[in-house]
Amino acid sequence: MKRILNFIDGQFRPPASGRYLPNVEPATGRVIAEIADGGPEDVDAAVAAASRAFEGWRRTPAEERSRLLLRVADLIEANFDELARLESEDSGKPIALARRMDVPRAILNFRFFATAILHAETSAHMTDDRALNYTLRQPLGVAGLISPWNLPLYLLTWKIAPAIAAGNTSVAKPSELTPMTADRLAALIAEAGIPPGVVNVVHGPGASAGRALTAHPKVPLISFTGGTKTGADVMTHAGPLFKKVSLELGGKNPNVVFADADLEQAVPTSIQSSFSNQGEICLCGSRLFVERPIYDEFLDRFLAATRRLRIGDPLDPATEVGALVSDAHRSKVEGYVALAQEEGGRILTGGKRPANLPERVRGGWFLEPTVIAGLDCSKRCLQEEIFGPVVTITPFDSPEEAIAYANSTRYGLSASVWTRDLQKAHRVAAALESGTVWVNTWLLRDLRVPFGGMKESGVGREGGFDSLAFFTEAKNVCVKL
Ligand code: NAD
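Computed from a prediction, not measured in an experiment: that's the story for all the values here.

**Q** Outline the layout of surface pockets, listing residues and values.
**A** The calculated volume of the largest pocket comes to roughly 950 Å³. Going through the elements one at a time, α7 (206-214), β11 (221-225), α8 (228-238) and α11 (327-342) are the ones with two or more residues in the lining of the largest pocket. For the lining of the largest pocket, the residue count by class is 15 nonpolar, 14 polar and 10 charged. Looking at the second largest pocket, it is lined by 18 residues, and the ones nearest its centre are Arg-65, Ala-120, Arg-137, Ala-166 and Thr-472.

**Q** Can you tell me about the side chain of Thr-436, naming the residues and giving the values?
**A** Structurally, Thr-436 can be placed in strand β20 (residues 436-439). Excluding residues within four positions of it along the chain, Thr-436 makes contact with Leu-413, Ser-414, Ala-415, Phe-451 and Gly-452.

**Q** Before we move on, could you go through helix α1 (residues 40-58) and cite the residues and values that matter?
**A** Between its terminal C-alpha atoms α1 stretches 26 Å, which fits the 27 Å expected from 19 residues at 1.5 Å a residue. Its maximal kink placed at Arg-52, α1 deviates by approximately 30 degrees. Where α1 is concerned, the buried positions are Asp-42, Val-43, Ala-46, Val-47, Ala-49, Ala-50, Ala-53, Phe-54 and Trp-57.

**Q** Can you explain the environment of Val-449? Please cite residues and give values.
**A** For Val-449, the location among the structural elements is in the loop between β20 and β21 (454-455). Judged by relative accessible area, Val-449 falls into the partly exposed class, the value being 35%. When the C-alpha positions of Val-449 and Arg-292 are compared, they lie 34 Å apart, and in sequence the two are 157 residues distant. Sequence-distant contacts of Val-449, that is, excluding residues within four places in its chain, are made with Glu-462 and Gly-463.

**Q** Which residues make up the site of the ligand, and what values do they have?
**A** Residues in close proximity to the ligand total 28 residues, the closest being Lys-173, Glu-176, Thr-230, Leu-249 and Glu-385. At a separation of 3.3 Å, an oxygen atom of the ligand approaches a polar backbone atom of Gly-206. In the environment of the ligand, a nitrogen atom lies 2.7 Å from a nitrogen or oxygen atom belonging to the side chain of Asp-233. Comparing atom positions with the cavity grids shows the ligand to sit within the largest pocket. Broken down by secondary-structure element, the contributors of at least two residues to the shell around the ligand are α7, β11 and α8. For the shell around the ligand, the leading source of residues is α7, giving 3 residues. Looking at the shell around the ligand residue by residue, the classes come out as 11 nonpolar, 11 polar and 6 charged.

**Q** Provide a residue-level description of the sheet that holds strand β6 (residues 124-127), including the pertinent values.
**A** In a beta sheet, neighbouring strands are held together by backbone hydrogen bonds and run either parallel or antiparallel to one another. The 3 strands are arranged β6-β7-β23 in an open sheet whose pairing can be described as antiparallel. Of all the strands in the sheet, the pair left with one neighbour each is β6 and β23 (472-480). With strand direction ignored, the average angle separating the axes of adjacent strands in the sheet is 25 degrees. Both β6 and strand β7 (residues 131-139) contribute to a ladder of 4 bridges, which runs antiparallel. Looking across to β7, one finds that Met-126 is bridged to Leu-132.

**Q** How would you summarise the sheet that holds β20 if you had to cite specific residues and measurements?
**A** Reading across the sheet, the 7 strands line up as β15-β16-β17-β14-β13-β19-β20 and stay open at both edges, with mixed pairing between neighbours. Edge strands, defined here as strands with exactly one partner in the open sheet, are β15 (346-349) and β20. Strand-to-strand twist across the sheet, computed as the mean angle between neighbouring axes with direction ignored, equals 25 degrees. As paired elements, strand β19 (residues 414-418) and β20 share 4 bridges and run parallel to each other. Residue Val-417 lies in a different strand from β20, and its bridge partner there is Val-439.

Conventions we followed
Residues numbered from 1 in each chain as written. Predicted model: local features only at pLDDT ≥ 70, side-chain atom pairs only at ≥ 80, totals over all residues. Heavy atoms only, no water. 1 Å grid on protein atoms, 1.4 Å probe; cavity = no way out; pocket = protein on both sides within 12 Å on 5 of 7 lines; lining within 4 Å. Points joined across faces, edges and corners; volume = space filled by probe spheres on them. Helix = DSSP H or I, 4+ residues; strand = E, 2+ residues; numbered from the N terminus. Nonpolar A, V, L, I, M, F, W, Y, C, P; charged D, E, K, R; others polar. Contact = heavy atoms within 4.5 Å. Expected span 1.5 Å × (residues − 1). Bend = angle between axes of the 7 residues up to and from the residue. Buried < 20%, exposed > 50% of the residue type's maximum accessible area, 1.4 Å probe, protein only. Near = heavy atom within 4 Å. Polar contact = N/O pair within 3.5 Å; in protein donor to acceptor, adjacent residues only side chain to side chain. Sits in = over half its atoms within 2 Å of the grid points. Pairing = 2+ DSSP bridges. Axes fitted to C-alpha atoms, helices over the stretch in contact; angles between N-to-C directions.

The following block contains the structure:
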């Protein structure tokens with residue numbers, strides 16, 4: 001059986017504990033690998049390696065860092081098929097989605113930040129004729145990078161690429177549920193010629209390996225993507241050490257469809273935003289609000305399209321809905337389906353484990369795409385992040401009501417608005433409490449824009465120069481003239 005080891009100082013190493021955790025394929029429930037059960041000792045070794053590598057790496061010219069990052073991107077591209085397959089096996093996501101989204105984005109993350117550093121500028125402020133101020137942007141040292149299981153390679157590379165492009169070294173802690181592509185990435189990073197210690201990967205549970213990283217005194221910066229509760233724990237441990245922290249957390253995103261929307265686009269895109277990756281994308285729109293005059297028509301079309309989605313073996317290129325990441329997670333999602341009914345909601349479609357799955361995946365953690373009606377915004381199913389193939393649908397009667405509904409949770413990550421009325425679109429977008437608002441689209445990402453959440457969906461912004469600002473310290477130098 002394959003053993004996934006830590007990657008420290010350019011070498012794959014067994015965990016200090018000598019223990020391994022099972023790595024399970026969600027589509028089958030079978031153990032496909034063993035993963036290093038890393039903890040504080042491994043994090044210490046990785047931080048020491050990263051600290052040793054820092055001086056050399058920060059002094060490596062930007063042009064050379066850029067060349068090495070571009071080489072990583074090329075190697076990801078050269079191993080495209082293998083990475084897509086590993087991602088699908090490891091997380092339960094359809095391989096078609098891994099090919100369309102996860103792996104291309106990992107390549108782009110490296111290319112984007114490799115080239116961004118070639119164009120970086122800094123600012124100067126003249127104080128009349130008395131002084132010249134200029135801003136130095138310097139790397140901080142060892143960046144702690146913690147990522148979740150839903151977009152494993154996509155989000156890990158979204159952190160590693162800007163961190164090291166900016167001249168930091170790094171210790172990454174991927175999700176213990178999906179270690180496979182991080183393991184391959186480590187090998188590709190070595191093959192690309194990135195010096196030992198610049199990127200280290202420690203596997204293991206969040207409570208041991210993750211916590212050790214957030215609480216490590218020699219890690220001045222933490223970039224974390226994951227659940228809101230975990231984000232609070234990260235803050236608790238990083239706060240007293242005054243670390244720079246970026247938190248990309250959970251969402252409960254509204255998808256607002258006005259009566260003048262183009263349903264030819266709104267329906268299929270809402271299917272994507274509801275059920276892509278089994279609803280396990282932080283940006284999924286899990287609360288549909290539809291203006292009353294078109295509520296019935298929208299619902300009919302939406303339900304028909306939901307029922308047409310192909311659930312099946314994630315490795316089958318035709319599959320549109322794969323398996324949920326774990327048995328425990330499926331139980332949690334099913335708990336919300338039961339709760340919806342207790343709260344007075346109606347399950348319009350889905351809610352069950354699918355029958356007639358292909359032989360290979362009968363033991364997997366599948367759940368039918370589920371649509372729930374009849375619940376108002378105060379209900380837990382419209383307040384809490386379910387993170388599965390479950391959406392609620394609610395009618396509304398005015399833009400003000402839609403805005404109030406949309407803003408009624410403690411989350412504020414993203415939102416979609418569907419309308420042909422440009423003024424209304426701008427007005428509603430400005431009023432929504434969301435870090436990102438999409439108008440007549442969903443998940444259209446430009447890597448230059450600020451990305452992050454409001455309220456309990458996060459702290460800070462990443463993306464483009466915001467990422468490079470986060471991964472550097474601004475220092476003002478004031479020279480008297
Ligand atoms: P999680 O919070 O359970 O775990 C995320 C990572 O943190 C994992 O690597 C985990 O091992 C680690 N971790 C767990 N406990 C820790 C601790 N005490 N200290 C340090 N690290 C710890 O999240 P998950 O279940 O892997 O991912 C799903 C969540 O991530 C959802 O809430 C989703 O909305 C969110 N998410 C947010 C974004 C975004 O950009 N805002 C993107 C993707 C996912």
